[in-house]
Amino acid sequence: MYKLASSLALAASLYVGGVAAHGGVVAYDIGGTRYDGWRPYNTPTGQTSIQRPWATFDPILSASSPSLACNNDGNKGPNQLTAKVKAGSAIKQYWNQVWPHDTGPVIVYLSKCPGSSCDNVNTQTAQWFKIEESGLLSGTVAKGVWAAGKMIADNSSWTTVIPASVPSGHYLIRSETIALHSMPAQFYPECAQIEITDGGNVSPSADQLVAFPGGYSQSHPGVNIDLYGEAAKTQTTYAIPGPRLYDPNGPPSSTTAGSTAPTSAPTTPTATAPTPSATAVAPQYGQCGGTGWAGPTACAAPYTCKKLNDFYSQCV
Ligand SMILES: *[C@@H]1O[C@H](CO)[C@@H](O)[C@H](O)[C@H]1NC(C)=O
Ligand SMILES: [Cu+2]
């Protein structure tokens, strides 16, 4: 028995050593309650978590990988749980310690699930909006301080406030860091199921929603970036990939001037003439098509709409 235990311990330590250079989000703290994440490499039998299952600590190396949404495989767990989170309150995401990659952004997304559960939502078809993004905090691309470094300094954790404006309901939360120390960039996304309560009434606009894969392009300057090149030595800005950040204030109100304005509309004159929407075009990297897509299908010049999968076409 002793022999077995010690050889298992040895195997375990070697094994941990082998994968320690990677990982992902392994736990959450919501209002002081700790929720353990999924444990990759372990059998699914008996595992209970709010996190969608993922299989390995390995990074995802392609922006077009099907695993980019919620890692591999990101499907509902056998005993899938959902945690309640009040809108306006914080959710703390813990990476495995000590997170090894201090160069890169931390980005957090939500995807609203239809109905009263995310259980049956396929992460490939989910539409995500970005509620937080943090990239290069100071210094240069070559030698600066990155969000990932801050995360490591903060006990390998990152605290995200769920915007108070987000409507109540069931959501997938996608927590991601992108490690830029090597090329291609390494994506580390994990997802969990949450129910947001006491929410607001600002849904993301169409141009704030993306699918994964699709939301990132491998050629985006924030993905295809060389930290060791000449340019990095003087570059002090970093373009975080993905859609425009969710705006808790919503779009500039155009409804007051719209044809459906209620008769009780205030008597203020139409001071803010709405910009014509007939000519709406999607920006670079914006969505321009896909099943269920109701947004613009044309792209801002000089970009063209390219189909990435049935659910997502993107302006590139
Ligand atoms: C650091 O994070 C770990 C979980 O990964 C937690 O158990 C520990 O309490 C945290 N330490 C502090 C000081 O917050
Ligand atoms: Cu790694």
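For clarity, every value in this text was computed on a predicted model and none was experimentally measured.

Caption draft 1: Up close: the coordination of the copper ion (ligand 2). Summarising the metal site, the copper ion (ligand 2) is bound by the protein donors Ala 21 (O), His 22 (ND1), His 101 (NE2) and Tyr 188 (OH), whose distances to it range over 1.9 to 2.7 Å. For the copper ion (ligand 2), the four donor atoms are set out with angles of 71 to 160 degrees between them, so the coordination reads as irregular. Mapping the donors of the copper ion (ligand 2) onto the primary sequence gives the spacing A-H-x78-H-x86-Y. Remark: Tyr 188 occurs in strand β11 (residues 186-197) and Ala 21 occurs in the loop between α1 (2-19) and β1 (25-30); sequence separation between them is 167 residues. A relative accessible area of 39% means that Ala 21 is categorised as partly exposed.

Caption draft 2: Examining the sheet that holds β1 more closely. Ordered by their spatial adjacency, four strands build an open sheet running β2-β1-β4-β9, and the pairing between neighbours is antiparallel. Edge positions in the open sheet fall to β2 (33-36) and β9 (157-161), since each of these has one partner strand only. Strand after strand, the sheet turns through a mean of 25 degrees between neighbouring axes, direction not considered. Note: β1 against strand β4 (residues 90-95), five bridges, orientation antiparallel. Counterpart to Tyr 28 in the pairing with β4 is Gln 93.

Caption draft 3: A look at the sheet that holds strand β12 (residues 209-210). Here six strands make up an open sheet; going across it, the order is β3-β11-β10-β5-β6-β12 and the pairing mixed. Looking at strand neighbours, the two that pair on one side only are β3 (83-86) and β12, the edges of this open sheet. Pairing between β3 and β11: four bridges, direction parallel. Bridging from a neighbouring strand, Lys 84 pairs with Glu 195 of β11.

Caption draft 4: Fine view of the pairing of β1. The pairing of β1 with β2 spans four bridges and is antiparallel. Residue pairing for β2: Ile 30 is matched across the bridge by Thr 33. Hairpin connection, β1 to β2: the antiparallel pair is bridged by two residues, and Gly 31 has positive phi, about 55 degrees.

Thresholds, definitions, all that
Residues numbered from 1 in each chain as written. Chains lettered and ligands numbered in written order. Predicted model: local features only at pLDDT ≥ 70, side-chain atom pairs only at ≥ 80, totals over all residues. Heavy atoms only, no water. Donors = N, O, S within 2.8 Å, 3.2 Å for Na, K, Ca; no water. Tetrahedral: all angles 85-135°; square planar, octahedral: opposite > 155°, others 65-115°. Helix = DSSP H or I, 4+ residues; strand = E, 2+ residues; numbered from the N terminus. Buried < 20%, exposed > 50% of the residue type's maximum accessible area, 1.4 Å probe, protein only. Pairing = 2+ DSSP bridges. Axes fitted to C-alpha atoms, helices over the stretch in contact; angles between N-to-C directions.

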